[in-house]
Amino acid sequence: MSRALVLTGGGARAAYQVGVLKGIASILPRSVYNPFPIICGTSAGAINALSIAGRAGPFRLRTKKLETIWHNLRASDVYRTDFWGVSANAFHVLASFLHSGYGIGRPISLLDNTPLRQLLENYVKFDYLDNAISNGELEAIAISTMSYSSGQSVTFFQGQEQITPWKRARRRGEKTQINIDHLMASTAIPSLFPAVQIGNRYYGDGAVRQLKPISPALHMGARQLLIVGVSNNATTDTNETVADHSPSIAQIVGHMFNSAFIDSVESDLETLRSINRLASALPESLRANNGITDLNPVDVLSISPSQSIDQIAQEHIHELPMSLKLFLRVTGANAQGGGTSAASYLLFEPGFCRKLIELGFQDAMAQREDIETFFQ
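Structural notes, computed from the coordinates.

### Considering the overall build of the chain
Line of reasoning, step 1. In terms of regular secondary structure, the chain is built from 15 helices and 10 strands.
Line of reasoning, step 2. When the 376 residues of the chain are sorted by exposure, 53% land in the buried category.
Line of reasoning, step 3. A separation of at least 24 residues holds for 76% of the contacts in the chain among residues at least 6 apart in sequence.
Line of reasoning, step 4. Summed over all atoms, the accessible surface of the chain reaches about 17,000 Å², with 52% contributed by carbon and sulfur.

Here it is in structure tokens:
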């Protein structure tokens with residue numbers, strides 16, 4: 001029974017996943033090389049997925065190196081934060097609105113994420129993926145994107161021979177040799193970061209049209225899933241509050257981001273748990289007699305933040321460079337404007353990331369018994 005790690009998207013919120021992985025590594029024996037034969041990632045979760053799959057060494061060492069990256073990460077390591085870089089991109093976006101042909105041949109975005117490409121090219125060892133697959137350490141690594149041509153969720157995967165491509169409604173799996181372009185495409189949040197050309201098509205952030213975030217792992221044969229999300233809905237007060245002003249641009253964008261990065265994962269988990277209850281209620285003999293061969297329970301462990309990430313972001317927005325703080329203030333991405341959720345996706349700064357890493361580690365240790373049971 002293959003075990004899969006599923007890492008969802010969420011921009012800077014993905015630092016939480018690093019803390020969870022650190023906790024899991026401390027629970028497992030030091031000798032464990034890779035406890036996840038199948039690894040799936042989307043958006044910033046794809047960065048963490050490839051940072052685990054695309055490195056050699058014991059699992060504990062890999063997570064330690066990944067923690068070091070996030071521990072010292074700054075917004076300038078992910079996108080240009082200088083006034084010229086921010087204002088130049090803003091000008092390009094405005095020009096594309098005024099002239100429809102302006103953006104032809106040059107992807108338009110609010111932010112320039114060239115620094116992120118340089119960081120990942122130096123850190124992720126894409127050549128190691130072949131070695132890991134050939135020696136049996138890894139069955140498959142999958143990175144999800146969104147095709148601007150078809151609107152489909154496209155999962156690019158690299159894996160063993162028995163894992164074949166698939167096609168379903170609005171989503172498909174394509175076998176390929178994963179490289180930096182696939183990773184950059186998966187993290188290209190629409191409008192914020194530029195689309196990435198792969199072949200003769202352009203791709204963007206995989207979370208946008210990913211209606212079934214769990215399905216790639218199941219298609220590749222996983223029957224045990226460890227899912228690390230970035231939603232704190234379980235601990236957030238969802239009661240309606242009286243609004244004292246209309247929603248700001250950042251507040252609207254924040255809800256759009258949450259819809260893409262969080263809601264689909266929670267919905268897919270709810271569906272999977274319902275199917276598990278149904279499968280468990282039907283005797284195996286009854287399933288076999290009626291030709292129901294694909295309805296089998298899937299062992300699922302989900303770990304998500306126990307504290308409000310929006311609240312943590314509100315406490316750390318001041319860490320951002322002045323150019324970004326000005327941009328976020330204008331759009332309402334602060335406590336007064338109700339847009340701290342949007343700001344949390346861009347808060348690649350030490351204080352915020354370290355706080356999320358610590359929270360992820362604490363949450364993993366709080367579920368120590370569940371984690372130990374899962375790996376038995």
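### Examining the pairing of strand S9 (residues 222-228)
Line of reasoning, step 1. Extensive coverage of S9 is indicated by the burial of six of its seven residues.
Line of reasoning, step 2. Examined bridge by bridge, strand S1 (residues 2-7) and S9 share six bridges and lie parallel to one another. Across the sheet, Arg3 pairs through a bridge with Gln224, a residue of S9.
Line of reasoning, step 3. The pairing of S9 with strand S10 (residues 299-303) spans five bridges and is parallel. Opposite Ile227, over in S10, you have Ser302 as the bridge partner.

### Thoughts on the nonpolar core
Line of reasoning, step 1. One finds Ile39, Leu50, Trp70, Tyr79, Ile141 and Leu226 to be the most contacted residues of the largest nonpolar core, which totals 79 residues.
Line of reasoning, step 2. When residues in this core are grouped by element, the largest group, eight residues, is from helix H1 (residues 15-27).
Line of reasoning, step 3. Apart from the residues within four sequence positions on either side, Tyr79 is in contact with Leu111, Asp112, Asn113, Pro115, Phe193, Leu320, Leu324, Leu346 and Phe348.

### Quick word on the packing of helix H11 (residues 309-316) against helix H14 (residues 350-366)
Line of reasoning, step 1. Running from N to C, H11 and H14 point in directions that differ by 150°, and their axes come no closer than 9 Å. The angle between the axes of H11 and H14 places the two elements in the roughly antiparallel class. Considering the relative orientation of H11 and H14, their crossing is right-handed. Here Ile309, Ile312, Ala313 and His316 of H11 lie close against H14, whose contacting residues are Gly351, Phe352, Lys355, Leu356 and Leu359.
Line of reasoning, step 2. Grouping the amino acids of the contact of H11 with H14 by side-chain chemistry returns six nonpolar, two polar and one charged.

### Looking at helix H5 (residues 114-123)
Line of reasoning, step 1. Among the residues of H5, Pro115, Leu116, Leu120 and Tyr123 are the ones counted as buried. For H5, the angular spread of the buried residues around the axis is 125°, confining them to a single face.
Line of reasoning, step 2. Along its buried surface, H5 packs onto helix H2 (44-53), helix H3 (59-71) and helix H7 (180-186).

### Concerning the packing of H2 against H3
For any two helices packed against each other, one specifies the inter-axial angle together with the distance between the axes.
Line of reasoning, step 1. Their axes nearest at 9 Å, the elements H2 and H3 cross at an angle of 140°. Classified by the angle between their axes, H2 and H3 sit oblique to one another. For H2 against H3, the interelement crossing comes out right-handed. From H2, Asn48, Ser51, Ile52 and Ala53 reach across to H3, where they touch Phe59, Arg62, Thr63, Leu66 and Trp70.

### Things to note about unusual backbone geometry
Line of reasoning, step 1. The backbone of Ser43 sits at a positive phi, close to 55°, despite the residue not being glycine.
Line of reasoning, step 2. With respect to the helices, strands and loops of the structure, Ser43 is situated in the loop between strand S2 (38-42) and H2.
Line of reasoning, step 3. The phi dihedral of Arg170 is positive, around 65°, even though this residue is not glycine.
Line of reasoning, step 4. Tracing the backbone through its elements, the reader meets Arg170 in the loop between strand S5 (166-168) and strand S6 (171-175).
Line of reasoning, step 5. Residue class for Arg170 comes out partly exposed when judged on its relative accessible area of 46%.

### Re the environment of Leu218
Line of reasoning, step 1. Along the chain, the position of Leu218 falls in helix H8 (residues 215-219).
Line of reasoning, step 2. For Leu218, a relative accessible area of 27% puts it in the partly exposed group.
Line of reasoning, step 3. Counting along the chain gives 215 residues from Leu218 to Arg3, while the straight-line C-alpha distance between them is 9.9 Å.
Line of reasoning, step 4. With sequence-adjacent residues up to four places away left out, Leu218 is seen in contact with Arg223, Leu225 and Val298.

The rules behind each value
- Residues numbered from 1 in each chain as written.
- Predicted model: local features only at pLDDT ≥ 70, side-chain atom pairs only at ≥ 80, totals over all residues.
- Heavy atoms only, no water.
- Helix = DSSP H or I, 4+ residues; strand = E, 2+ residues; numbered from the N terminus.
- Buried < 20%, exposed > 50% of the residue type's maximum accessible area, 1.4 Å probe, protein only.
- Contact = heavy atoms within 4.5 Å.
- Areas by Shrake-Rupley, 256 points an atom, 1.4 Å probe, with all protein chains shown as cover.
- Pairing = 2+ DSSP bridges.
- Core = buried A, V, L, I, M, F, W, Y, C linked by side-chain atoms within 4.5 Å.
- Axes fitted to C-alpha atoms, helices over the stretch in contact; angles between N-to-C directions.
- Parallel < 35°, antiparallel > 145°, perpendicular 65-115°, else oblique.
- Left-handed = near helix turned anticlockwise from the far one by under 90°.
- Nonpolar A, V, L, I, M, F, W, Y, C, P; charged D, E, K, R; others polar.
- Arc of directions from axis to C-beta.

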